[in-house]
Amino acid sequence: MSGDLNEVATGVNLFTTGEVRGVARWFHDTTDVLSIDDDDLEETIAFVNKGGMTFLSPILPDLRAIVCSAGSRESHLAILCRESDVPCVLAAEMTGEVSDGDTVVLDLSDSETARVAVTAGAVTA
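What comes next is a walk through the structure. Along each chain, numbering runs from 1 in the same order as the chain's sequence is written. Restriction of local features to residues with pLDDT of at least 70 applies here, the model being predicted, together with a cutoff of 80 or more for giving and counting side-chain atom pairs; totals for whole chains, interfaces and linings are based on all residues. Side-chain descriptors were evaluated using all non-hydrogen atoms of the structure, hydrogens and water having been removed beforehand.

So, about the pattern of salt bridges. Here, a salt bridge means any Lys or Arg side-chain nitrogen found within 4 Å of an Asp or Glu carboxyl oxygen. What the rule picks out here adds up to four salt bridges. For Arg-64, the salt bridge goes to Glu-43, with nearest N and O atoms at 2.8 Å. Of this pair, Arg-64 sits in the loop between strand 3 (44–48) and strand 4 (65–68) while Glu-43 sits in the loop between helix 1 (30–34) and strand 3, placing them 21 residues apart in sequence. Type-normalised accessible area, obtained with a 1.4 Å probe on protein chains alone, sets the label of each residue: buried when under 20%, exposed when over 50%, and partly exposed for intermediate values. Residue class for Arg-64 comes out partly exposed when judged on its relative accessible area of 29%. Close ionic contact of Glu-112 with Arg-73 constitutes a salt bridge, the shortest N to O distance being 3.4 Å. On the criterion of sequence distance, the pair formed by Glu-112 in the loop between strand 6 (103–108) and strand 7 (113–119) and Arg-73 in the loop between strand 4 and helix 2 (76–84) is long-range, its members being 39 residues apart. Secondary structure elements follow DSSP: runs of H or I of four or more residues count as helices, runs of E of two or more count as strands, with numbering from the N terminus.

Quick look at the structure:
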């Protein structure tokens, strides 16, 4: 990752796609999904705290990517992401903070380990 990025997490890379850049948005439960009113999600990297976050399924194909603090390659979320061809970081170990609106860069070039970073100006420590 380049010098203008601050790494905030590593996790399991679901599939190798290179670099993915987007805007962070936290989804905590179904109400966060239901509250979306014609939002343009194509730049959104969704952050969730549980591995089985199937509540994202209605919007999953519209997302740029997903970062989840739990889950495995066999989890419901992983299956949905593979079916929808949405990059996904699972079991993300957060070492920094990510806030809604931060510009996020996922390094998904390694087949095993994904790296999550925010742009230097976006860090909300």
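This paragraph deals with the packing of aromatic side chains. A pair of Phe, Tyr and Trp rings is counted when the ring centres sit within 6.5 Å of each other, with Trp represented by its six-membered ring. The angle between the planes then sorts it: under 30 degrees is stacked, over 60 is edge-to-face, the rest tilted. As enumerated under the stated definition, the model contains one aromatic pair in all. Between Trp-26 and Phe-47, the ring centres sit 5.3 Å apart and the planes meet at 40°, which makes this aromatic pair tilted. In this pair, Trp-26 is assigned in strand 2 (residues 18–26) and Phe-47 in strand 3, connecting sequence segments 21 residues apart. Accessibility assignment for this pair places Trp-26 and Phe-47 in one class, buried.

Once that is clear, we can look at the side chain of Thr-119. Turning to its location among the elements, Thr-119 is positioned in strand 7. For Thr-119, a relative accessible area of 17% gives the class buried. Discounting chain neighbours no more than four positions away, the residues touching Thr-119 are Asp-4, Leu-5, Asn-6, Arg-21 and Thr-103. Residue contacts are defined here by distance: any two heavy atoms, one from each residue, within 4.5 Å place the two residues in contact.

The next thing to look at is the pairing of strand 7. Across the seven residues that make up strand 7, a large majority, five, are buried. When strand 1 (residues 5–13) meets strand 7, the two strands line up antiparallel, connected through seven bridges. Counted as the bridge partner of Glu-7 is Ala-117 from strand 7. Across four bridges, the pairing between strand 6 and strand 7 is antiparallel. The residue bridging Leu-106 from the neighbouring strand is Val-116, located in strand 7. At least two bridges found by DSSP between two strands are what make those strands a pair.

Now for helix 2. All of the buried residues in helix 2 are Leu-77, Ala-78 and Cys-81. In a view along the axis of helix 2, the buried residues occupy a sector of 100°, so they form one face of it. Projecting away from the buried face of helix 2 at angles above 90 degrees are the exposed residues His-76 and Glu-83. In this fold, the buried residues of helix 2 make contact with strand 3, strand 4 and strand 5 (88–94). Immediately beyond the C-terminal end of helix 2, within one or two residues, lies Asp-85, with a positive phi of roughly 60°. By arc we mean the arc of the directions from the helix axis to the C-beta atoms, nothing more.

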